[in-house]
Amino acid sequence: MKQSLFESRHQPDWDAFNSQLEALERGKAEAQTCQSFAARYRQLCQHLALAQARGYSSHLIDQLQQLAMRGHQQFYRHRSHLGAQTIRFLFGGFPRLVRSEWRSVCVASLLFFGSLAVMGLLTYLYPELIFSLVSPDQVSEMERMYDPDARRLGRFSERGSGDDWVMFGFYIMNNIGIAFQTFASGLLLGLGSLFFLLFNGLMIGAVAGHLTRIGYGEPFWSFVIGHGAFELTAIALAGAAGFKLGWALLAPGRLPRGEALRLAAGKAIQLVAGVILFLLLAAFIEAFWSSTTFATPDIKYAVGAGLWALVLGYLLLAGRRQHAPD
């Protein structure tokens, strides 16, 4: 077959394949039109082989080779599933993982929230106990931060509203630092996680009990109840992840300790990924909602109760149904 006849017979097919390639490269191809892509690609490769075997002009062969290379890139390109995996993890994987690790989660939660509650009660009953954990200067700073007459609550209460984004970044770094300490120190046979859970629980409890006793309870509790749903839960989950590492070293079973730690780290890292998400949400709420004073304490209590219910419902119920995003 002469080249001119070959070109005239198959040029419409090449043009159609080129149009389909352009749509795919722009990311605007419709699913229905892509059904014929594989057949068109095979046909183009056949035409390229015929043109080379028959000794057609280099111009035609180069044109077909370019189409074949572009088609190969589209046909065999790597399609990232990161977005889909992230959605599956958020809406199903993470809460299922928390429930599957309920033993370490319960232990970490009991240590953290238990020490917080006990220390808060003791400090409320015995005011001088606050100074066994917190220096007088720090106590004065806490009282200034949650003064009912303050324009804004929390750290740097005299800042302007334009500095909220700066504080958002500060809270992220501070909270993630605490969570990472609690998690990573689990490599010390779990003792590091135990220490940081108890330390943070005792510190928060002491401050809460002291501020409540001196009459600053309303600004303090209305401040922490909103972001605390995510932040305090995240600290407990970070401790659970640290305990998982520590337990793998203490009781590896029939596995070598290195292999047991590697397997435990896989799930522990996934827990920490969810912890980071919780801390990002907590930092956003703390910077833009908790510190404001335009909302009444009753409104903040209602919003905070809703956030606590949301967190608990998410961890206990999300991902249970079979058709949940997998």
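As the structure is a computational prediction, the values presented were derived from the model and not from experiment.

Asks: Report on the overall build of the protein chain, specifying residues and quantitative values.
Replies: Across its full length, the protein chain carries 11 helices and 0 strands. Element order for the protein chain, N to C, with α for helix and β for strand: α-α-α-α-α-α-α-α-α-α-α. Its C-alpha atoms give the protein chain a radius of gyration of 30 Å, more than 25% over the compact-globule value 20 Å for 326 residues. Along the first, second and third principal axes, the C-alpha atoms of the protein chain reach 100 × 55 × 35 Å.

Asks: So what's going on with a nonpolar patch on the surface? Residues and values would help.
Replies: A cluster of nonpolar residues, Val-118, Leu-121, Leu-122, Tyr-124, Leu-125 and Tyr-126, forms a patch on the protein surface that exposes about 570 Å² of accessible area. Following the sequence through the fold, Tyr-126 ends up in the loop between α5 (102–125) and α6 (136–145). Assessed through its relative accessible area of 46%, Tyr-126 is described here as partly exposed.

Asks: Explain the nonpolar core to me, and be specific about the residues and the numbers.
Replies: If you look at the biggest cluster of nonpolar residues, it comprises 37 residues, and the most contacted ones within it are Phe-94, Phe-230 and Phe-278. Those elements that place two or more of their residues in this core are α4 (82–100), α5, α7 (164–184), α9 (217–250), α10 (257–290) and α11 (297–317). Looking at this core, the element that brings in the most residues is α9, giving 12 residues. Ignoring sequence-local partners within four residues, the contact set of Phe-94 consists of Phe-89, Leu-237, Gln-270, Leu-271, Gly-274, Val-275, Phe-278, Tyr-314 and Leu-315.

Asks: Break down the packing of aromatic side chains for me, citing the residues and quoting the values.
Replies: Following the criterion strictly, the structure yields 18 aromatic pairs and no others. For the ring pair Phe-112 and Phe-113, a centre distance of 5.0 Å and an interplane angle of 65° mean the geometry is edge-to-face. With a centroid separation of 5.4 Å and an interplanar angle of 65°, the aromatic rings of Tyr-146 and Phe-223 are classed as edge-to-face. Of this pair, Tyr-146 sits in the loop between α6 and α7 while Phe-223 sits in helix α9, and the two are 77 residues apart along the sequence. Judged on exposure class, the residue Tyr-146 and its partner Phe-223 are both buried. Ring pairing ties together the aromatic residues Phe-89, Phe-94, Phe-230, Phe-278 and Tyr-314, which thus form one cluster. One cation-aromatic arrangement involves Arg-213 over Tyr-124; the distance from NZ or CZ to the ring centre is 6.0 Å.

Asks: Which residues make up the domain arrangement of the protein chain, and what values do they have?
Replies: Here the protein chain is described as being made up of domain 1 (1–74) and domain 2 (83–315). A separation of 59 Å is found between the C-alpha centroids of domain 1 and domain 2.

Asks: Hey, could you go over the confidence of the model for the protein chain for me, with residue numbers and the actual values?
Replies: Of all residues in the protein chain, 92% have pLDDT values of 70 or greater, and the mean over the chain is 87. Of all the helices and strands in the protein chain, α7 carries the lowest mean pLDDT, 83, while α5 carries the highest, 96.

Asks: Tell me about the side chain of Ser-222, residues and numbers included.
Replies: Structurally, the position occupied by Ser-222 is in helix α9. A polar contact is formed between the side chain of Ser-222 and the backbone oxygen of Pro-219, at a distance of 3.2 Å.

Asks: Talk me through the pattern of salt bridges; I want residue IDs and the actual numbers.
Replies: Using the criterion set out here, one finds 5 salt bridges in the structure. The shortest N-O distance in the salt bridge between Glu-101 and Lys-267 comes to 3.8 Å. With Glu-101 in the loop between α4 and α5 and Lys-267 in helix α10, this residue pair connects regions lying 166 residues apart in the sequence. For Lys-267, a relative accessible area of 38% gives the class partly exposed. When the shortest N-O distance is used, the salt bridge between Glu-141 and Arg-144 registers 2.6 Å. Residue Glu-141 and its partner Arg-144 are both found in helix α6; the two are separated by 3 residues, about one turn of the helix. A relative accessible area of 35% means that Glu-141 is categorised as partly exposed. Look at Arg-144 and you get partly exposed, because its relative accessible area is 36%. Each member of the salt-bridge network shares a partner with another, and the members are Glu-101, Lys-244 and Lys-267.

Rules behind the numbers
- Residues numbered from 1 in each chain as written.
- Predicted model: local features only at pLDDT ≥ 70, side-chain atom pairs only at ≥ 80, totals over all residues.
- Heavy atoms only, no water.
- Helix = DSSP H or I, 4+ residues; strand = E, 2+ residues; numbered from the N terminus.
- Rg over C-alpha atoms; globule rule 2.2 N^0.38 Å.
- Patch = residues over 30% accessible without salt bridge, like charges linked within 9 Å, V, L, I, M, F, W, Y side chains within 5 Å.
- Areas by Shrake-Rupley, 256 points an atom, 1.4 Å probe, with all protein chains shown as cover.
- Salt bridge = Lys/Arg side-chain N within 4 Å of Asp/Glu carboxyl O.
- Buried < 20%, exposed > 50% of the residue type's maximum accessible area, 1.4 Å probe, protein only.
- Core = buried A, V, L, I, M, F, W, Y, C linked by side-chain atoms within 4.5 Å.
- Contact = heavy atoms within 4.5 Å.
- Phe/Tyr/Trp six-rings, centres within 6.5 Å; stacked < 30°, edge-to-face > 60°.
- Lys NZ or Arg CZ within 6 Å of the ring centre and 35° of its normal.
- Domains from an automatic or database assignment.
- pLDDT = per-residue confidence, 0-100.
- Polar contact = N/O pair within 3.5 Å; in protein donor to acceptor, adjacent residues only side chain to side chain.

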